[in-house]
Amino acid sequence: MPDPYFVAVAVIAVLIVGLSKAGLLGSLGVVGVPLLALVMPARDAAGMMLPVLIAMDVIAVYAYRKEFSWQILKIMLPGAAIGTLIGWVLWSFVSDAVVLLFVGIVTLLFVLDAVLPLRKKLEGLPPSTPWGVFWGGFAGFTSFVSHTGGPPFQIYVLPQRLSPALYSGTSAVFFGIVNTAKLVPYFFLGQLSVQNLELSAALIPVGIVGVLLGIYLVRRISAKYFYQIAYVLVFFLALKLIWDGAQGVFFGA
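This is a predicted model, so every value here is computed, not measured.

Draft legend 1. The overall build of the protein chain, seen in detail. Scanning the protein chain for helices and strands turns up 12 helices and zero strands. Along the protein chain, from the amino end to the carboxyl end, the secondary structure elements read α-α-α-α-α-α-α-α-α-α-α-α. Summarising the internal contacts of the protein chain: among those between residues at least 6 apart in sequence, 86% fall at separations of at least 24. Element-wise, carbon and sulfur atoms account for 74% of the exposed surface of the protein chain, whose accessible area totals about 11,700 Å².

Draft legend 2. View of the pattern of salt bridges. This model, assessed by the stated rule, comprises one salt bridge. Across the pair aspartate 244 and lysine 240 runs a salt bridge whose closest N-O atoms are separated by 3.1 Å. Of this pair, aspartate 244 and lysine 240 both sit in helix 12 (residues 223–251), four residues apart, roughly one helical turn.

Draft legend 3. Spotlight on the packing of helix 4 (residues 70–89) against helix 7 (residues 129–146). Running from amino to carboxyl end, helix 4 crosses helix 7 at an angle of 35°, the nearest separation of the two axes being 6 Å. Our pair here, helix 4 against helix 7, has a crossing hand that is right-handed. Between helix 4 and helix 7, the residues in contact are Ile75, Met76, Gly79, Ala80, Gly83, Thr84, Ile86, Gly87 and Trp88 and Thr129, Gly132, Val133, Trp135, Gly136, Gly137, Gly140, Phe141, Phe144 and Val145, respectively. The residue makeup of the contact of helix 4 with helix 7, split by class, is 10 nonpolar, nine polar and no charged.

Draft legend 4. Here's a closer look at the environment of leucine 100. By the element assignment, leucine 100 lies in helix 5 (residues 96–114). Among the residues examined, leucine 100 registers a relative accessible area of 11% and is labelled buried. As for leucine 100 and serine 146, which are separated by 46 residues in sequence, their C-alpha atoms are 8.2 Å apart.

Draft legend 5. How the structure looks around the confidence of the model for the protein chain. Averaged over all residues, the pLDDT of the protein chain equals 81, while 85% of them reach at least 70. Helix 4 holds the highest mean pLDDT among the elements of the protein chain, 94, whereas helix 6 (residues 117–122) holds the lowest, 54.

Calculation criteria
- Residues numbered from 1 in each chain as written.
- Predicted model: local features only at pLDDT ≥ 70, side-chain atom pairs only at ≥ 80, totals over all residues.
- Heavy atoms only, no water.
- Helix = DSSP H or I, 4+ residues; strand = E, 2+ residues; numbered from the N terminus.
- Contact = heavy atoms within 4.5 Å.
- Areas by Shrake-Rupley, 256 points an atom, 1.4 Å probe, with all protein chains shown as cover.
- Salt bridge = Lys/Arg side-chain N within 4 Å of Asp/Glu carboxyl O.
- Axes fitted to C-alpha atoms, helices over the stretch in contact; angles between N-to-C directions.
- Left-handed = near helix turned anticlockwise from the far one by under 90°.
- Nonpolar A, V, L, I, M, F, W, Y, C, P; charged D, E, K, R; others polar.
- Buried < 20%, exposed > 50% of the residue type's maximum accessible area, 1.4 Å probe, protein only.
- pLDDT = per-residue confidence, 0-100.

Okay, here's the thing in structure tokens:
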């Protein structure tokens, strides 16, 4: 019989990721791998989560198939492809803790910057191509290493103040493409083992429930409250990532 503690942690982690996939919890879905790391090796957790993420991507992309920004995708996806390749090359050299700490610090700076007058003046301007490629690459890299591509994606997209559905659709298509592209490298890295795929198959229904619930709620929440909740959640997420990353980098936890 499966360990009840493992089952509880895995279900909670996948459910949170599912809600995040639908756009409800901002980037809070990046806690999926750190949570699973409590009950299994982090690298195995990343491998196990990939098929679950792709299954959730299919549902989210279908739901938002008419609500996404081609302009943002055209800017960010080339960078994401480069970031994915860099992540593959550096897979054996970059630890999960370093990635978590780095993403956490950048995310915290993003949230602090979001409340400054300069950020408010810049909102509504056309997306910057160089910055979009950069943040797309950052998202591709962190997504490959530990499925933490959400914060870099949000740093570029959130200030553009898309409608909740348009934001969620753009995120769904972006990460649907990025996650699918990770299948080949993950296979060659041995992350798609039979055991990991068995766990993935068992957790996919939980993820789908999370996505469907999130889609239902996203379409019924106002843009004002959507972004207020997103920034608050991303702030606490940044603190969590910094804490977990620092523990691993400086204390070997």
